[in-house]
Structure formats: structure tokens, C-alpha cells
Amino acid sequence: MPTILITGTNRGLGLEAVRQYAADGWTVHACCRNPDDATDLNAIAGDNANVTVHRLDVADFATIDRLADSLNGEAIDVLLNNAGVYGGDRQEFMNDDFAAWSKTFRVNTMAPHRMSEVFVDNVASSGQKVVVIMSTIMASMTGENSGKLHIYRTSKAAVNMVMRLLSVDLAERGITTFSIHPGWVRTDMGGTTAPLSPEESVAGIRQVIAGAGPETNGRFMTWDGNELPW
Ligand SMILES: NC(=O)c1ccc[n+]([C@@H]2O[C@H](COP(=O)([O-])OP(=O)(O)OC[C@H]3O[C@@H](n4cnc5c(N)ncnc54)[C@H](OP(=O)(O)O)[C@@H]3O)[C@@H](O)[C@H]2O)c1
């Protein structure tokens, strides 16, 4: 069975992705900041020998490097850069938090780039060769007309450009790289009024990943298989 590595798996979409890929028999490397507190994730790992939990704070590039060392030589079919932060309460014109902006860029923008660098050989040696970056429709410049959430939106717009660059850099190794909008989903980030359940969103994302190939490279997809404007 194929192998997936997922960041930010102790809750939300990452946790659901672990649940679904594990149930399908994939080998799952489930990363989270604090495995000791990851009750739901540890329960899944306890029931599924194909799930391994790893400690990973994506803002700490030394821990990214250590994880890569420990998985050296292992094929990873799908690298799912899921971990993300919202950026806090102060993110509008004349009410902004630049320290939070920097931290958000490190997690949402720079970390997927670093993850792709250190795991490129693992992905290149796999069968499926896919790098996915969790983005958001809020990063679409064409679609943007509501204002606010400056930190979150710029960090995700920037990671879309990271994805575009990687789609060129990694293409010669046969790797497909794309961004995906998971929909508006009922998680801690999405809130209770979001229309989609994590189960529905992740089921759709898995279908998009399963169908990914050269024609998907460099594209901005939605969870249900459509393409978003930049
Ligand atoms: N939910 C939505 O409606 C929606 C819409 C569009 C895009 N997205 C994107 O989808 C992804 C998952 O969102 P979600 O709704 O599942 O969010 P969530 O419920 O807030 O979960 C975020 C996950 O990211 C992890 N994380 C944050 N900072 C991290 C770090 N430095 N290192 C490692 N892990 C870190 C969190 O771990 P901790 O528990 O340790 O903080 C948590 O596991 C995010 O990239 C988000 O931007 C979500």
C-alpha cells in the first residue's frame, strides 16, 4: 500500500485524513506538535499498526530535518502539508499584528517549502509522487472582494506561489505539486457553522489526490475537484 505523510494531525482535517487513509490500509506518518496530548490521534494509531505518530512542529525547521533523517530512504507517495494557523485577531488595516504575521508566514508559507525540500527524495522514489499544499479560496486574488484577514490570506496566497515554483522545480523528477482548498469545514479553524464536515472534505480531497497527475501539476484545486482562479 502507498505511504502518506501528513502535518498537523492531532485535530481537524489532518486528524480526519489520518483516519481515512489508515482505514484504507495506507502507511501513515502522522505528524503533530504534541503527541502526548493527541488523544484522538493516538487512539487511531493504537487501532492501526500502519499509523506512526511523529512529533513535528513545522515552525521548527530543526525538527523537520530530524524527521527527514529518521525517514531517510522511505518512499512517501503523498506529502500532505496540512498544518496551518489563522494568524490571530488583529489582521486588518490599522489593526495588525506584525509578530503574528511573521509567525503565520513561517507555518503557512515557509514550512511547506522546507518540508518539500527535505522530503523530495522520499516523494521522488515513490509510486504516486504527489506534494499537496492546503490552501484556501480566501487566497484567490481574483475572488477576493471582502477585505480583512490580511495575515491569513497573504500567507496562503504566498504558499500558492510556493506551490507554483515547486511545480516547476520538481516536475523533472516526476512530482505533481498542487494547492487545494478543502472547502469551508467544521473544524476549530472553520467553526461550527461551516457547511462541510471533515469527513466530506477529506473524502473529496482524497479523490483529487488519487486522480492527480501531470495535468494537476501547478493547479489550484478545490476539495470537490474543480479549479480555482488565482
Ligand atoms: N477549516 C476550514 O474551513 C479551512 C478552510 C480553508 C483552508 N483550511 C486549511 O486547512 C488546514 C487544516 O485546517 P483545520 O481546519 O483542520 O484547522 P485546525 O482545526 O485549526 O487544525 C490546525 C492543525 O494545524 C496544526 N498546527 C498549527 N501550527 C502548527 C505547527 N507549528 N506545527 C505543526 N502543526 C501545527 C494544529 O496543531 P495544534 O493543535 O498543535 O495547534 C492542528 O493540528 C489549514 O492549513 C487551514 O488553513 C481550512
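Residues numbered from 1 in each chain as written. Predicted model: local features only at pLDDT ≥ 70, side-chain atom pairs only at ≥ 80, totals over all residues. Heavy atoms only, no water.

A. Fine view of the pattern of salt bridges. One pass over the full model with this rule turns up eight salt bridges. Between D65 and R114 there is a salt bridge, with the nearest N and O atoms lying 3.0 Å from each other. Pair noted here: D65 is in helix α3 (residues 61-70) and R114 is in helix α4 (residues 98-124), with a separation of 49 residues, a long-range link. The partly exposed category is assigned to D65, whose relative accessible area is 28%. Look at R114 and you get partly exposed, because its relative accessible area is 23%. Here R219 and E227 are joined by a salt bridge, their closest N and O atoms 2.7 Å apart. You can call R219 partly exposed: its relative accessible area is 25%. In this structure E227 comes out as partly exposed when scored by relative accessible area, which is 45%. (Salt bridge = Lys/Arg side-chain N within 4 Å of Asp/Glu carboxyl O. Helix = DSSP H or I, 4+ residues; strand = E, 2+ residues; numbered from the N terminus. Buried < 20%, exposed > 50% of the residue type's maximum accessible area, 1.4 Å probe, protein only.)

B. Inspection of the site of the ligand at higher detail. Surrounding the ligand, one finds 29 residues, the nearest of these being N10, R11, R33, Y152 and T187. Here an oxygen atom of the ligand sits 3.2 Å away from a polar atom, N or O, in the main chain of G8. At a separation of 2.8 Å, a nitrogen atom of the ligand approaches a polar side-chain atom of D57. Relative to its free-state accessible area of 900 Å², the ligand is covered by the protein chains to the extent of 94%. Contributions of two or more residues to the shell around the ligand are made by α1 (12-23) and α5 (150-169). (Near = heavy atom within 4 Å. Polar contact = N/O pair within 3.5 Å; in protein donor to acceptor, adjacent residues only side chain to side chain. Areas by Shrake-Rupley, 256 points an atom, 1.4 Å probe, with all protein chains shown as cover.)

C. Spotlight on the pairing of strand β2 (residues 27-32). Burial analysis of β2 places five of its six residues in the buried class, which makes it a mostly covered element. Relative to β2, strand β1 (residues 3-6) runs parallel, the two sharing four bridges. In the sheet register, T3 faces β2, and the bridge partner there is T27. As for the winding sense of the linkage, the β-α-β connection from β1 through α1 to β2 is right-handed. Both β2 and strand β3 (residues 51-55) contribute to a ladder of five bridges, which runs parallel. From the neighbouring strand, A30 faces β3, where its bridge partner is V53. (Pairing = 2+ DSSP bridges. Right-handed = clockwise from strand over helix to strand, strands pointing away.)

The values reported here are purely geometric and, on their own, carry no functional implication.
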